[in-house]
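Single-letter residue listing:
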Amino acid sequence: MVAAKAEAESMKKKELVHSPILTYFSVITLLSTCPPFVILLWYTMVHQDGSILNAFNYLKEHGIEGFVNIWPRPTAVAWKIIACYALFEAALQLWLPGKRVEGPISPTGNKPVYKANGVLAYVVTLVTYVSLWWFGIFNPTVVYNHLGEIYSALIFGSLVFCVFLYIKGHVAPSSTDSGSSGNIIFDFYWGMELYPRIGKNFDIKVFTNCRFGMMSWAVLAVTYCIKQYETNGKVADSMLVNTVLMLVYITKFFWWEAGYWNTMDIAHDRAGFYICWGCLVWVPSIYTSPGMYLVNHPVNLGPQLAISILIAGILCIYINYDCDRQRQEFRRTNGKALVWGKAPSKIVASYTTTKAETKTSLLLTSGWWGLSRHFHYVPEIMAAFFWTVPALFDNFLPYFYFVFLTILLFDRAKRDDDRCRSKYGKYWKTYCSKVPYRIIPGIY
Ligand code: NDP
């Protein structure tokens, strides 16, 4: 009871990291604009040659009715594709073998337990998908040809799923890491449960974020490549660079999936529209969009440029991985692991849990984490640039994900700083004076 009350208090604080007006405004804006934006982006990419101007002229001429007409209705084919994919991924998550992994201690003192079988699920998914195509059983071009209907079905299906999460949070929470902010919009948007599960073992956020969302990114990257091949009889080097970089990034993600279970998405953000709808709809549509654009724009870069972009992109993905790895090794070894060959410099920070217990955490102040407080976002953003730049500069739209990611991560750095300041108090202040820049060393 005491834990639940403290949890509800911490929920209220969480929603108000920005001013109340800004929070209401951004929540309502995102809830109402994200779904139509997904359709508009797909329509512009696939039917208007990726040109914002063409799409704008169409909307100017046909108005709201024109927009309603381009919104595809979810078809039986779309539902079947989504259902087969979701059931396949859920089965892999439940039944593939994997090491038992413990997540970080939650605010109410729980320790979620996971099965680390992400790499196996990733390999099985891609091998199955490519084999289905290779042996003529299922052609991925069907997915591309029904993409609008699939997004439409995902938009509505995921909204219903978020309502389910909201009701579950109220009537059958899986653990004490659940609570209401007292505001129906925030509860729906930010979510109520930190670790919702179906039964004891099926973790909903692992499914939505990793096995559905991130996995769909890889599956669609391969789909775009195959579509270009089937249309043109070959794959342009721009498409190859884009697909390889995205797959390297997603391979890194699944390699490090157990580490992801320690990050803000899982350990701090609750299961609601923001995270779950985002992973179920926004990731397969917006994150994959540079590849979607390249399907009909087979740019030839030439070997020198293609290889240079590829190497730069892989380097960024490696640095991003190394930042996350460094922080987690540092925490796992209780500050004993060497950082860039030296003993790490650190701050021992105390904080009080929602159960009023005092605990300590270590903050790394050397290595990547000594350059700035969120340096890991720099290579993340640069990697997105490198897998988009093969599209060159005829249109702005393929760069939408890169711009969106930049805004998302700058906002996330602020949210995280605010959260850490309220968690660690004076220790966070000391960290900020030792490492004054938030993201870009020497600039911001
Ligand atoms: P993390 O959760 O990995 O890192 C932030 C947390 O680490 C803080 O909340 C704090 O948690 C702890 N921390 C902060 N400073 C230190 C320090 N100096 N030493 C030790 N621990 C510290 O961040 P993200 O979840 O944002 O990022 C994880 C990965 O996901 C990154 O690679 C990022 O680029 C990627 N990402 C990608 C996105 C995309 O859409 N493509 C979106 C978001 C992230 P604690 O309470 O434990 O102290």
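See above for the structure.
1. As for the environment of P104
At step 1: If you trace the backbone, P104 turns up in the loop between β1 (99-102) and β2 (113-116).
At step 2: Taking the C-alpha atoms as reference points, P104 and T223, separated by 119 residues in sequence, lie 36 Å from one another.
At step 3: Residues within four places of P104 in sequence aside, it is in contact with N110, K111, P112, Y195, W261, N262 and A267.

2. Remarks on the packing of helix α5 (residues 118-134) against helix α9 (residues 204-232)
In a pair of packed helices, the angle between the axes and the distance between the axes together describe the arrangement.
At step 1: Relative orientation of the contacting elements α5 and α9 amounts to 25°, with a least axis distance of 11 Å. When the axes of α5 and α9 are compared, the pair comes out roughly parallel. As for how α5 packs across α9, the hand of that crossing is right-handed. Contacts between α5 and α9 involve G118, A121, Y122, T125, L126, Y129, V130 and W133 on the former and, on the latter, R211, M215, A218, V219, V222, T223, I226, Y229 and E230.
At step 2: Here the contact of α5 with α9 is composed, by residue class, of 12 nonpolar, three polar and two charged.

3. Considerations on the state of the cysteines
At step 1: A full pass over the atoms with the stated rule returns zero disulfides.
At step 2: With no disulfide of its own, C279 has C276 as its nearest cysteine by sulfur position, at a separation of 6.9 Å.
At step 3: Overall, C279 belongs to the buried group, its relative accessible area being 10%.
At step 4: You can see C316 has no disulfide; the closest cysteine sulfur is in C323, sitting 11 Å from it.
At step 5: You can call C316 buried: its relative accessible area is 11%.

4. Concerning the packing of helix α2 (residues 20-47) against helix α7 (residues 147-171)
At step 1: Remark: α2 packs on α7, axes separated minimally by 10 Å, with the N-to-C direction vectors making an angle of 175°. Viewed along their axes, α2 and α7 adopt a mutual orientation that is roughly antiparallel. Of α7, the residues touching α2 (which contributes P35, V38, I39 and W42) are L147, G148, Y151, S152 and I155.

5. Concerning the site of the ligand
At step 1: Residues in close proximity to the ligand total 29 residues, the closest being Y287, D324, Y377, D416 and Y424.
At step 2: Between the ligand and N320, the relevant distance is 3.0 Å, taken from an oxygen atom to a side-chain nitrogen or oxygen of the residue.
At step 3: One of the side-chain nitrogen or oxygen atoms of Y377 is found 2.4 Å away from an oxygen atom of the ligand.
At step 4: Computed on the free molecule, the ligand has an accessible area of 910 Å², of which 94% lies beneath the protein chains in the complex.
At step 5: Counting residues per element, the ones that place at least two in the shell around the ligand are α15 (303-332), β6 (358-364), α17 (377-388), α18 (400-424) and α19 (426-434).
At step 6: The dominant element in the shell around the ligand, judged by the number of residues it contributes, is α18, at 10 residues.

Conventions used here
- Residues numbered from 1 in each chain as written.
- Predicted model: local features only at pLDDT ≥ 70, side-chain atom pairs only at ≥ 80, totals over all residues.
- Heavy atoms only, no water.
- Helix = DSSP H or I, 4+ residues; strand = E, 2+ residues; numbered from the N terminus.
- Contact = heavy atoms within 4.5 Å.
- Axes fitted to C-alpha atoms, helices over the stretch in contact; angles between N-to-C directions.
- Parallel < 35°, antiparallel > 145°, perpendicular 65-115°, else oblique.
- Left-handed = near helix turned anticlockwise from the far one by under 90°.
- Nonpolar A, V, L, I, M, F, W, Y, C, P; charged D, E, K, R; others polar.
- Disulfide = S-S within 2.5 Å.
- Buried < 20%, exposed > 50% of the residue type's maximum accessible area, 1.4 Å probe, protein only.
- Near = heavy atom within 4 Å.
- Polar contact = N/O pair within 3.5 Å; in protein donor to acceptor, adjacent residues only side chain to side chain.
- Areas by Shrake-Rupley, 256 points an atom, 1.4 Å probe, with all protein chains shown as cover.

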